[in-house]
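# Report on the structure
Take a look at the letters that make up each chain.
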Amino acid sequence: MLTPDRFAHSLNVAESAVLLAERFGGDTSKAYTAGLLHDIMKDAPKKEQLKIIEKAGIILSLGERHNQKVWHAMAGAAYIKAELGIGDPEILSAVRYHTTGRAGMSLLEKIIYIADYISKDRTYNGVEKMRRLAETSLEDAMLFGQEFTIVSLIQKGRVVHPDSVNCYNELIERKRANDTEGACGENRKNT
Ligand code: FE
Ligand code: FE
């Protein structure tokens, strides 16, 4: 179902996902499966993606209807459930949210989101930083990925999905809470 390039990308994402799962204590087998399948609908005609989404009973918001970029993630999750018989909710939601992210992401969701950004075939400006962050912290890599995506969408005059905004806000709030905690610790040490 994929072009040769997309297939190569999918294999690379699966490989990166396994590395991240090993590094951060995730399930390597689920990581491989979700990585391999995450873009399964991306090369399908938009009409077909929409049909699969509708058949799965998903009602698109007006914003989603106009945001074709997110269709392949929704259609992909629906397709692997209905046609490939994948019932694992963790794999399904990792595919479902790999494009936008969301607030309250699971470990596997983060692994797939980040693996998609650091796979071997990626060359965008910032990929080295993203890879470096992913060496030590899923949260820092997630935040960098969301910042990068949201900023580039805005620069191109494109819509930003609310799930991405909610994800970003959650990451920022958590980071601020951690920083304050760190600072209080420092203060305690000084007094
Ligand atoms: Fe994708
Ligand atoms: Fe991808």
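Residues numbered from 1 in each chain as written. Chains lettered and ligands numbered in written order. Predicted model: local features only at pLDDT ≥ 70, side-chain atom pairs only at ≥ 80, totals over all residues. Heavy atoms only, no water.

Before going further, it helps to spend a moment on the overall build of the protein chain. Scanning the protein chain for helices and strands turns up ten helices and zero strands. Sequence-ordered secondary structure for the protein chain, helices as α and strands as β, is α-α-α-α-α-α-α-α-α-α. Its C-alpha radius of gyration of 17 Å places the protein chain within 12% of the 16 Å reference for a compact globule of 191 residues. Taking the principal axes of its C-alpha atoms as reference, the protein chain extends roughly 65 × 35 × 30 Å. Of the contacts formed within the protein chain by residues at least 6 apart in sequence, a portion of 59% connects residues at least 24 apart. As displayed, the protein chain has an accessible area near 10300 Å², and 53% of this comes from carbon and sulfur atoms. Computed over 26 positive and 26 negative side-chain charges, the inter-centroid distance for the protein chain is 4 Å. (Helix = DSSP H or I, 4+ residues; strand = E, 2+ residues; numbered from the N terminus. Rg over C-alpha atoms; globule rule 2.2 N^0.38 Å. Contact = heavy atoms within 4.5 Å. Areas by Shrake-Rupley, 256 points an atom, 1.4 Å probe, with all protein chains shown as cover. Lys, Arg positive; Asp, Glu negative; His and termini not counted. Charge placed at Lys NZ, Arg CZ, Asp CG, Glu CD.)

Further remarks concern the packing of helix α7 (residues 107-118) against helix α9 (residues 138-155). Their axes nearest at 10 Å, the elements α7 and α9 cross at an angle of 55°. Between α7 and α9, the angle falls in the class oblique. In this structure, α7 meets α9 at a crossing whose hand is left-handed. On α9, the residues that touch L107, K110, Y113, I114 and Y117 of α7 are L138, E139, A141, M142, G145, Q146 and T149. (Axes fitted to C-alpha atoms, helices over the stretch in contact; angles between N-to-C directions. Parallel < 35°, antiparallel > 145°, perpendicular 65-115°, else oblique. Left-handed = near helix turned anticlockwise from the far one by under 90°.)

This part covers the side chain of N67. By secondary structure assignment, the location of N67 is in the loop between α4 (62-65) and α5 (71-82). Once residues within four sequence positions are removed from consideration, N67 is found in contact with V159 and H161.

Turning to the coordination of the iron ion (ligand 1), a few remarks are in order. Four donors placed tetrahedrally about a metal ideally form angles of 109.5 degrees, and six donors placed octahedrally ideally form angles of 90 or 180 degrees. The protein atoms that coordinate the iron ion (ligand 1) are D39 (OD), H72 (NE2) and H98 (NE2), at distances of 2.1 to 2.2 Å. All donors of the iron ion (ligand 1) come from a single chain, and their spacing in sequence reads D-x32-H-x25-H. By relative accessible area, which is 2% here, D39 ends up buried. H98 gets classed as buried once you look at its relative accessible area, which sits at 2%. (Donors = N, O, S within 2.8 Å, 3.2 Å for Na, K, Ca; no water. Buried < 20%, exposed > 50% of the residue type's maximum accessible area, 1.4 Å probe, protein only.)

What follows is about the coordination of the iron ion (ligand 2). Around the iron ion (ligand 2), the donor atoms from the protein are H9 (NE2), H38 (NE2), D39 (OD) and D116 (OD), and they sit 2.2 to 2.4 Å away. Metal-centred angles of 78 to 170° between the four donor atoms at the iron ion (ligand 2) mark the site as irregular. Spacing between the donor residues of the iron ion (ligand 2) along their common chain follows H-x28-H-D-x76-D. Between the iron ion (ligand 2) and the iron ion (ligand 1), a separation of 3.6 Å is found, and both are coordinated by D39. Here D116 lies in helix α7 and D39 lies in the loop between α2 (28-37) and α3 (46-55), a separation of 77 residues in the sequence. The two residues D39 and D116 agree in class, both being buried. (Tetrahedral: all angles 85-135°; square planar, octahedral: opposite > 155°, others 65-115°.)

Let us now look at the packing of aromatic side chains. Within the structure shown, the criterion is met by four aromatic pairs. When the ring of Y124 is compared with that of F148, the centres are 5.0 Å apart and the planes differ by 50°; the resulting orientation is tilted. Of this pair, Y124 sits in the loop between α7 and α8 (127-136) while F148 sits in helix α9, placing them 24 residues apart in sequence. Three or more aromatic residues link up through ring pairs in this structure, and these residues are Y113, Y117, Y124, F144 and F148. R102 extends its terminal NZ or CZ atom over the ring of Y97, reaching a point 4.4 Å from the ring centre. (Phe/Tyr/Trp six-rings, centres within 6.5 Å; stacked < 30°, edge-to-face > 60°. Lys NZ or Arg CZ within 6 Å of the ring centre and 35° of its normal.)

What follows concerns α2. Inspection of α2 places K30, A31, A34, G35 and L37 among the buried residues, and these make up the whole buried set. Lining the buried residues of α2 we find α1 (4-24), α5, α6 (89-96) and α7. One side-chain oxygen of the residue at the start of α2 lies 3.0 Å from the amide nitrogen of S29, identifying that residue as D27. (Polar contact = N/O pair within 3.5 Å; in protein donor to acceptor, adjacent residues only side chain to side chain.)

Inspection of the secondary structure assignment puts K110 in helix α7. In sequence terms K110 and H38 are 72 residues apart; their C-alpha atoms lie 13 Å from each other. When neighbours within four sequence positions are excluded, K110 is seen to be in contact with M105, L138, E139, M142 and R174.

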